[in-house]
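Chain by chain, the residues run as shown.
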Amino acid sequence: MASVRLQKALARAGLASRRAAEELIAGGHVRVDGRVVTELGTKVDPRAARIEVDGQRIVAESPVYVILHKPRGVVSTMRDPEGRPSVRELLADVPGRVFPVGRLDFATSGVLLATNDGDFSEALIHPRHAVPKTYVIKVHGIMQPKDLDAWRRGIRLEDGQTLPAKAKLLRHEGDKTWFELVITEGRNQMIRRMGDATRFRVMRLARTAFAGLTADGLRPGAWRYITADEQTALKRDYGVPRRIASPPSEQNPRPGAAQRPKPAMRPGAAQRPRHAPRPRSVEATVALAKTGAPPRPHRSTRRKHP
């Protein structure tokens, strides 16, 4: 295999997005053949070099692409310092070290993609690709068709003017309004801030599509694999994934489903006792190294809050 930049090798191994991999390298967390590397331009041969992150060797995984129907009240990160529910629990049965593609706010529900392919994630969240994201929004107040013109043209926020968007009035519900919005940006709390700027406070927000992918048929908290046909469409429109991955036949229909077949056991899984703590992930190890915080207890021993 030809040499590639170190951050790209980490991304391809499913560790994180390329941008996050660059942070790991700059922070001195990465070793190549026993030597700490902090220079971002360093090139390596992933098959020949021994690459480690905080002492854990990185081995390339088969690519995995899934769609999660994220519920409200769940953070879209794999670990939350405040101890709130995270998508990590919802994606526990997904093979590989997957991570979310972009973010959805804590109070926002809907389509969230997850993968272990850093190039896939980077391409879909990069502004140059203008990937469309569709939302259904409920606001306080009775909006008229002309009120949506500002959303279509762009609204000035404290971090700049929003790009033109598509907006369609759906219905009125007493003194509330439902409408659909299609945007190509991903700024923090952007839609809620647009509502505040136009005096139509956002009450409910759900993402119904991301890059044309929907969570139709998925209950909140459930996930499914992105099909080969859907991957082909993404590659045609955005250039990723670079190689189409055939998803496994078994999928996770919904959390807690009765008689749900268990996923096939991976090699070596039988040697770990059922209630033994899971090995700490690279992400958790890096987080602890950065913060100096003590390790969090295993889920089964963690105190439950009322």
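Computed from a predicted structure; not experimentally measured.

Across its full length, the protein chain carries eight helices and 16 strands. Taken over 306 residues, the protein chain has a buried fraction of 43%. Considering only intrachain contacts with a sequence separation of at least 6, the fraction spanning at least 24 residues in the protein chain is 64%. Element-wise, carbon and sulfur atoms account for 50% of the exposed surface of the protein chain, whose accessible area totals about 17200 Å².

Take histidine 129: it is sitting in the loop between helix H4 (118-125) and strand S10 (133-140). Residues in contact with histidine 129, not counting those within four places in the same chain, are Ala123 and Tyr238.

Here the focus is the confidence of the model for the protein chain. Taken residue by residue, the protein chain gives an average pLDDT of 83. The fraction at 70 or more is 80%. Scored below 50 in pLDDT, residues 253-306 shows 58 contacts in the model against residues more than four places distant or in partner chains.

Given two aromatic rings, their pairing is described by the distance between the two centres and the angle made by the two planes. Using the criterion set out here, one finds three aromatic pairs in the structure. Seen from their ring centres, tryptophan 223 and tyrosine 225 are 5.0 Å apart, and the 90° between their planes marks the pair as edge-to-face. Like tyrosine 225, tryptophan 223 is buried.

With that settled, the discussion passes to the pattern of salt bridges. Side chains that carry opposite charge are capable of pairing whenever their charged atoms lie near each other. Tallying each qualifying case throughout the model produces 16 salt bridges. Across the pair aspartate 175 and lysine 176 runs a salt bridge whose closest N-O atoms are separated by 2.6 Å. Look at lysine 176 and you get buried, because its relative accessible area is 17%. Via salt bridges that share partners, Glu158, Asp159, Glu185, Arg187 and Arg193 belong to a single interconnected network.

With that out of the way, let us pick up the environment of lysine 43. With respect to the helices and strands, the residue lysine 43 is situated in strand S4 (residues 43-44). The class of lysine 43 is exposed, set by a relative accessible area of 57%. Remark: the alpha-carbon pair of lysine 43 and leucine 6, spanning 37 residues in sequence, is separated by 5.5 Å. Excluding anything up to four places from it in sequence, lysine 43 contacts Ser3, Val4 and Arg5.

Turning to the nonpolar core, a few remarks are in order. Membership of the largest hydrophobic core comes to 34 residues, with the highest contact counts inside it found for Val66, Leu91, Ile137, Trp151, Phe179, Leu181 and Ile191. The set of elements that each furnish at least two residues to this core consists of strand S7 (65-70), strand S9 (109-115), S10, helix H5 (148-153), strand S14 (176-183), helix H6 (190-197), strand S15 (202-210) and strand S16 (223-225). Once residues lying within four places of it in the same chain are set aside, the contact partners of leucine 91 are Val66, Leu68, Val98, Ala114 and Trp223. Counting 20 residues, the second largest nonpolar core, distinct from the first, contains Ile67, Phe210, Ile226 and Ala245.

Next up on the list: the pairing of strand S13 (residues 166-173). Of the pairings in the sheet, the one linking S13 to S14 comprises seven bridges and is antiparallel in character. What sits directly across from lysine 168, in S14, is glutamate 180. As consecutive antiparallel partners, S13 and S14 are separated by two residues, and within that stretch glycine 174 has a phi angle of approximately 65°, a positive value.

Analysis parameters
- Residues numbered from 1 in each chain as written.
- Predicted model: local features only at pLDDT ≥ 70, side-chain atom pairs only at ≥ 80, totals over all residues.
- Heavy atoms only, no water.
- Helix = DSSP H or I, 4+ residues; strand = E, 2+ residues; numbered from the N terminus.
- Buried < 20%, exposed > 50% of the residue type's maximum accessible area, 1.4 Å probe, protein only.
- Contact = heavy atoms within 4.5 Å.
- Areas by Shrake-Rupley, 256 points an atom, 1.4 Å probe, with all protein chains shown as cover.
- pLDDT = per-residue confidence, 0-100.
- Phe/Tyr/Trp six-rings, centres within 6.5 Å; stacked < 30°, edge-to-face > 60°.
- Salt bridge = Lys/Arg side-chain N within 4 Å of Asp/Glu carboxyl O.
- Core = buried A, V, L, I, M, F, W, Y, C linked by side-chain atoms within 4.5 Å.
- Pairing = 2+ DSSP bridges.

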